[in-house]
Each structure stands twice: as C-alpha cells, then as structure tokens.
Amino acid sequence: MQVTLWGTRGSVARAGPGTVTYGGDTSSVEVSAGRTALALDAGSGIVPLGDSLLGSCSRIDVLLTHLHMDHIQGLGFFRPLYDPSIDVHIWGPVSTTMDLAERLRRYLSPPLFPVRLRDLDVTLHDVRPGTIAIGDLQIAADLVIHPGTTLGYRIEAPNGQAFCYLPDHEPALGVRNFPDSPEWTSGYALAQNADLLVHDTQYTDDEYATRIGWGHSTLHHAMKFTELTGARHMVTFHHDPEHTDAFLDSRLETARVAWGEDRPFAVTAGRPGATFDLS
C-alpha cells in the first residue's frame, strides 16, 4: 500500500513564494494498493491527483471526511468525472437531514458551478460509522471531533498495513490534561498502532488558545495523540494558510528537539509529492 500526498494546506488554498515546499493546494491524499485507487478528500489537491490517474485506472473511489469547502473545492475539476472509461464512486458522511447527493448539489450546480451533479456519471455512497470494503482494502470510518459531521478513516491492506487519515481533528477539545484515557479520546480506535498517521497540525499553541472549538489541532496535540495511539509515523497536515515553508520547518525542528530522539514515533512534515510505501 502506498500513500501519496497531493494537497496538504488547510482552510483555503494559498499559492506563492512562501508555500513552495509544503504546497498551496488543500486536502487530498492518494492511496494505492494493487488495482485499488482511493482519493481521500477532494480539496484543490485532487485536481493534479486526478490528472495523474487518467489512462491508468478503470475505477477511482473518493472518500470525503466532511463537506467543508476546502475538502470538496476540487471536485468539479476532477477530470476522471468526465472520462467515461473511469468508474467514479464518491463516499461521504451520512447526515440526519439530507443525503450526500443533496448536499453535493449545493456546490455542483449554478451559480456556484456550471456543471450539475446530475449530469455527471458518478455513484454516491452515504457512509455511516463502521467498516466498508473497496477492492482489497478494508476501511473503517468513525466520527471525530470537528464542526459538522466529520469522519476519520483507517485503511488496512490484506497484509495488515494500516494507514489512518485524520486531516481535521481536535481530540484535545474539552480535555483538561490532554491526552485523556484512550476510550475517551476522539479518533483513538482509528489510529491505534497505525503504520502511518496523517494528522491535523494547523495551529501553534498561541493560535489554538483563541480558536478552541474550531476543530483543529496543534503540533503538540498531534504528537501527544500519536504517542497515545502507538502510531509509528506521524505526518503533519492541514497547514495553516498563513504558515510559510520557513515557519513550518522551524516549528517542526523545535518540536523534534523538545521531544528528543527517543520518542517512539517518526515525524515528517507533509508536503505535496511525498509518498510513503507501507510495504
């Protein structure tokens, strides 16, 4: 199983000289295993992801964690949707009021977008907490702490490799001394002993103090969460649009020094093009 990052920015796309290394595109991650191809989220990073798949696959499954704009804004520009040779399936969190099709129509219709969802040859699936199978991959979905209905995903290959994707996640919300016990920690079961964990690290400690409840984590919270779950490798993700490459480099280096070399997990800053081979 291979995991490739295409969009790692959070909240809004940000292109410019300060975002060359860690990218300006919003959330999208590719998972490939044999003939199975998944796209996790459809931020602007799904546009180059989709271009890379043309002519190389007959089916692609897009798993949405939630429907905030930075996680679906690239969907209308996802070229496999317009290629009749590719079978596209889109999976998204279930709602108590509207199904996935009704909610996606709000974006994929005029005046927000010129192409209507009903004119696209796509299969939609409402996802409830539980397990689904796509190809040879087993995918566990569960609700996590983020405004609105939001899912986290754990993807397991037949040989036991496990990848956890928690791009928008605030497990420290309401916890006096984070982390608390595992059974009370949002996302714990999804990330437990994962080989690779992609986790929200949007805020600094100072920023988080004025944004509690916004649904995002600090780098310190993410590292504490990684230690608690026993995940072996954590990748920082959902970089704040105001954080430049130099700032992200400095923040990660400071955290590495503070934790020391004996921490039980590796930490990598997420950047577009990074590929992790879990085999």
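Refer to the preceding data block for the structure.
Read on for a plain summary of the structure. On a predicted model such as this, the values are computed, not experimentally measured, just so you know. (Residues numbered from 1 in each chain as written. Predicted model: local features only at pLDDT ≥ 70, side-chain atom pairs only at ≥ 80, totals over all residues. Heavy atoms only, no water.)

1. Examining the overall build of the protein chain
1) Next: Helix and strand counts for the protein chain come out as 6 helices and 14 strands.
2) Next: At 18 Å, the protein chain has a C-alpha radius of gyration in line with the 19 Å of a compact globule built from 279 residues.
3) Next: In terms of principal-axis extent, the alpha carbons of the protein chain reach across some 50 × 40 × 35 Å.
4) Next: A burial count over the protein chain gives 54% of its 279 residues as buried.
5) Next: Pairs at least 24 residues apart make up 67% of the contacts formed inside the protein chain by residues separated by at least 6 positions.
6) Next: When the accessible area of the protein chain is evaluated, it comes to approximately 12100 Å², of which 50% is carbon and sulfur surface.
7) Next: Counting 20 positive and 34 negative side-chain charges, the protein chain places the averaged centre of each group 3 Å from the other. (Helix = DSSP H or I, 4+ residues; strand = E, 2+ residues; numbered from the N terminus. Rg over C-alpha atoms; globule rule 2.2 N^0.38 Å. Buried < 20%, exposed > 50% of the residue type's maximum accessible area, 1.4 Å probe, protein only. Contact = heavy atoms within 4.5 Å. Areas by Shrake-Rupley, 256 points an atom, 1.4 Å probe, with all protein chains shown as cover. Lys, Arg positive; Asp, Glu negative; His and termini not counted. Charge placed at Lys NZ, Arg CZ, Asp CG, Glu CD.)

2. Observations regarding the sheet that holds strand β14 (residues 275-277)
1) Next: Overall, mixed pairing links the 7 strands, which are arranged β6-β5-β4-β3-β2-β1-β14 in an open sheet. The sheet terminates laterally at β6 (122-127) and β14, the two strands that pair on one side only. Between one strand axis and the next, the sheet turns through 20° on average, direction left out of account.
2) Next: As paired strands, strand β1 (residues 2-7) and β14 are joined by 3 bridges and run antiparallel to one another. (Pairing = 2+ DSSP bridges. Axes fitted to C-alpha atoms, helices over the stretch in contact; angles between N-to-C directions.)

3. Digging into the pairing of strand β8 (residues 137-143)
In summary, the side chains of a regular strand alternate between the two faces of the sheet.
1) Next: Pairing of strand β7 (residues 130-134) with β8, which is carried by 5 bridges, proceeds in the antiparallel orientation. Residue Ile132 lies in a different strand from β8, and its bridge partner there is Ile139.
2) Next: Where β7 hands over to β8, the hairpin turn is made up of 2 residues, of which Gly135 adopts a positive phi near 60°.
3) Next: In this structure, β8 lies alongside strand β9 (residues 151-156), joined through 6 bridges in antiparallel fashion. Across the sheet, residue Ile139 finds its bridge partner in β9, namely Ile155.

4. Things to note about the nonpolar core
1) Next: Core analysis: the biggest nonpolar cluster contains 28 residues, and Met1, Val31, Ile155 and Phe163 have the highest contact counts within it.
2) Next: Counting only elements with at least two residues in this core, the list comes to β1, β2 (28-33), β3 (36-40), β8, β9, β10 (162-166), β11 (196-200) and β12 (233-237).
3) Next: Leaving out residues up to four positions away in the same chain, Val31 has contacts with Met1, Gln2, Val3, Thr36, Ala37, Leu38, Leu40, Leu137, Ile155 and Phe163. (Core = buried A, V, L, I, M, F, W, Y, C linked by side-chain atoms within 4.5 Å.)

5. Some points on the pairing of β10
1) Next: Extensive coverage of β10 is indicated by the burial of 5 of its 5 residues.
2) Next: Across the two faces of β10 the burial is the same, with Ala162, Cys164 and Leu166 and Phe163 and Tyr165 all buried.
3) Next: Pairing between β9 and β10: 4 bridges, direction antiparallel. When the bridges of β10 are listed, Glu156 appears paired with Ala162.

6. Things to note about the packing of helix α5 (residues 219-229) against helix α6 (residues 245-259)
1) Next: Between α5 and α6, the least distance of the axes is 11 Å, while the angle of their chain directions is 45°. As far as their axial angle goes, α6 and α5 are oblique. Seen from above, α5 lies across α6 with right-handed handedness. For the pair α5 and α6, the contacting residues are Leu219, His220, Met223, Lys224 and Glu227 in the first and Arg251, Leu252, Ala255 and Trp259 in the second.
2) Next: Residue composition of the contact of α5 with α6, grouped by class: 5 nonpolar, 1 polar and 3 charged. (Parallel < 35°, antiparallel > 145°, perpendicular 65-115°, else oblique. Left-handed = near helix turned anticlockwise from the far one by under 90°. Nonpolar A, V, L, I, M, F, W, Y, C, P; charged D, E, K, R; others polar.)

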